[in-house]
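Okay, here's what each chain looks like letter by letter:
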Amino acid sequence: MLNYIERLFEKPLWSGRFVVVVAVVASMAAATAIFYMATVDVIYLVGHMLHYADPALTEDARKLLHDQTITHVVEVVDGYLLATFMLIFALGMYELFVSDIDDAHGSKTSSKILVIESLDDLKARLAKVILMILIVTLFEEALNMKVTSPLDLLYLGGAIALIGASLFLTHKAEDHGKEH
């Protein structure tokens, strides 16, 4: 009798994992939307850049256009990285809670990039993307930064050193994981 009640309880409990499909679909929709927005930004960026060679453009206006373009390129890269984050999250959640993605496991091109084996594996992959987003954001802020004192320069150098240290530690953690 106890075994019957246990099975009666465990079946719906195990099926409850399918609620993750809501997060998977929403994350894929968000990834698609962000990819779309970043691509539209690239199209507008290219349209604005067509004026860069205009001889009527003053040197100051050309410099401003150059600086704005570099900032927009960094923003586009940031958008694509965020969309990639959402894509990896969606695929990882699906693989962990619902089912393996057979096409990914059978594909030579997947290179295990999107194949998630454990929650730690998903966290590691997402952490790498987050780190890249932080690097791009720091780069964007550094481009727009107005250095008014030596302390500002010291802060920028410290931020770059911290990014370097985090990249070093990330690679060390990868090497340590491969040894085991």
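Residues numbered from 1 in each chain as written. Predicted model: local features only at pLDDT ≥ 70, side-chain atom pairs only at ≥ 80, totals over all residues. Heavy atoms only, no water.

K.L.:
It is not clear to me how the domain arrangement of the chain should be interpreted in this structure. Could you clarify?
P.N.:
For interface size, the figure often reported is the accessible area lost on association. Along its sequence, the chain is carved into domain 1 (1-99) and domain 2 (116-179). Inter-centroid distance (C-alpha atoms) of domain 1 to domain 2 is 19 Å. With 15 residues of domain 1 at the interface, the matching set in domain 2 holds 17 residues. Summed over both sides, the interface of domain 1 with domain 2 buries roughly 1,400 Å², with 80% coming from carbon and sulfur. Taken together, the connections running from domain 1 to domain 2 amount to zero salt bridges. Summed over the shared surface of domain 1 and domain 2, the result is zero residue pairs in polar contact (both at pLDDT 80 or more). (Domains from an automatic or database assignment. Contact = heavy atoms within 4.5 Å. Buried area = accessible area lost by both parts, 1.4 Å probe. Salt bridge = Lys/Arg side-chain N within 4 Å of Asp/Glu carboxyl O. Polar contact = N/O pair within 3.5 Å; in protein donor to acceptor, adjacent residues only side chain to side chain.)

K.L.:
For this particular structure, what's the right way to read the confidence of the model for the chain?
P.N.:
Close inspection of predicted coordinates is inappropriate in any region flagged by low pLDDT. Confidence along the chain averages 84 in pLDDT terms, with 91% of residues attaining 70 or more. Here helix α4 (residues 102-106) stands out as the least confident element of the chain, with mean pLDDT 69; helix α2 (residues 20-49) is the most confident, with 94. (pLDDT = per-residue confidence, 0-100. Helix = DSSP H or I, 4+ residues; strand = E, 2+ residues; numbered from the N terminus.)

K.L.:
How should the side chain of threonine 71 be read in this particular structure?
P.N.:
Inspection of the secondary structure assignment puts threonine 71 in helix α3 (residues 59-97). Residue threonine 71 is classed as buried on the basis of its relative accessible area, which comes to 11%. Reaching out from threonine 71, the side chain makes a polar contact with the backbone oxygen of aspartate 67 at a distance of 3.0 Å. (Buried < 20%, exposed > 50% of the residue type's maximum accessible area, 1.4 Å probe, protein only.)

K.L.:
Quick question: what am I supposed to make of a nonpolar patch on the surface here?
P.N.:
Together, Met1, Tyr4, Ile5 and Leu8 give the surface a local cluster of nonpolar side chains, amounting to about 480 Å² of exposed area. Inspection of the secondary structure assignment puts isoleucine 5 in helix α1 (residues 2-15). (Patch = residues over 30% accessible without salt bridge, like charges linked within 9 Å, V, L, I, M, F, W, Y side chains within 5 Å. Areas by Shrake-Rupley, 256 points an atom, 1.4 Å probe, with all protein chains shown as cover.)

K.L.:
What is the right way to look at the pattern of salt bridges in this model?
P.N.:
Charged atoms that come close allow side chains of opposite charge to pair. Throughout the structure, instances matching the rule amount to two salt bridges. Of the charged contacts in the structure, one is a salt bridge between lysine 63 and aspartate 67, with a shortest N-O distance of 3.1 Å. Within this pair, lysine 63 and its partner aspartate 67 are both found in helix α3, separated by four residues, close to a single helical turn. The class for aspartate 67 is partly exposed, based on a relative accessible area of 33%. Here aspartate 120 and lysine 123 are joined by a salt bridge, their closest N and O atoms 3.4 Å apart. Placement of the pair is aspartate 120 and lysine 123 together in helix α5 (residues 119-144), with a separation of three residues, close to one helical turn. Classification of aspartate 120 as exposed rests on a relative accessible area of 53%.

K.L.:
How do you make sense of the UniProt feature "transmembrane region" (unreviewed entry) in the chain when you look at a structure like this?
P.N.:
Within this numbering scheme, the UniProt entry marks residues 20-46, 80-101, 122-139 and 151-170 as carrying the feature "transmembrane region" (unreviewed entry). For residues 20-46, the helix share is 100%, the strand share is 0%, and the end-to-end C-alpha distance is 39 Å. For residues 80-101, helix accounts for 82% and strand for 0%, while the C-alpha atoms at its two ends are 23 Å apart. (UniProt positions renumbered as here; feature names shortened; annotations may be inferred.)

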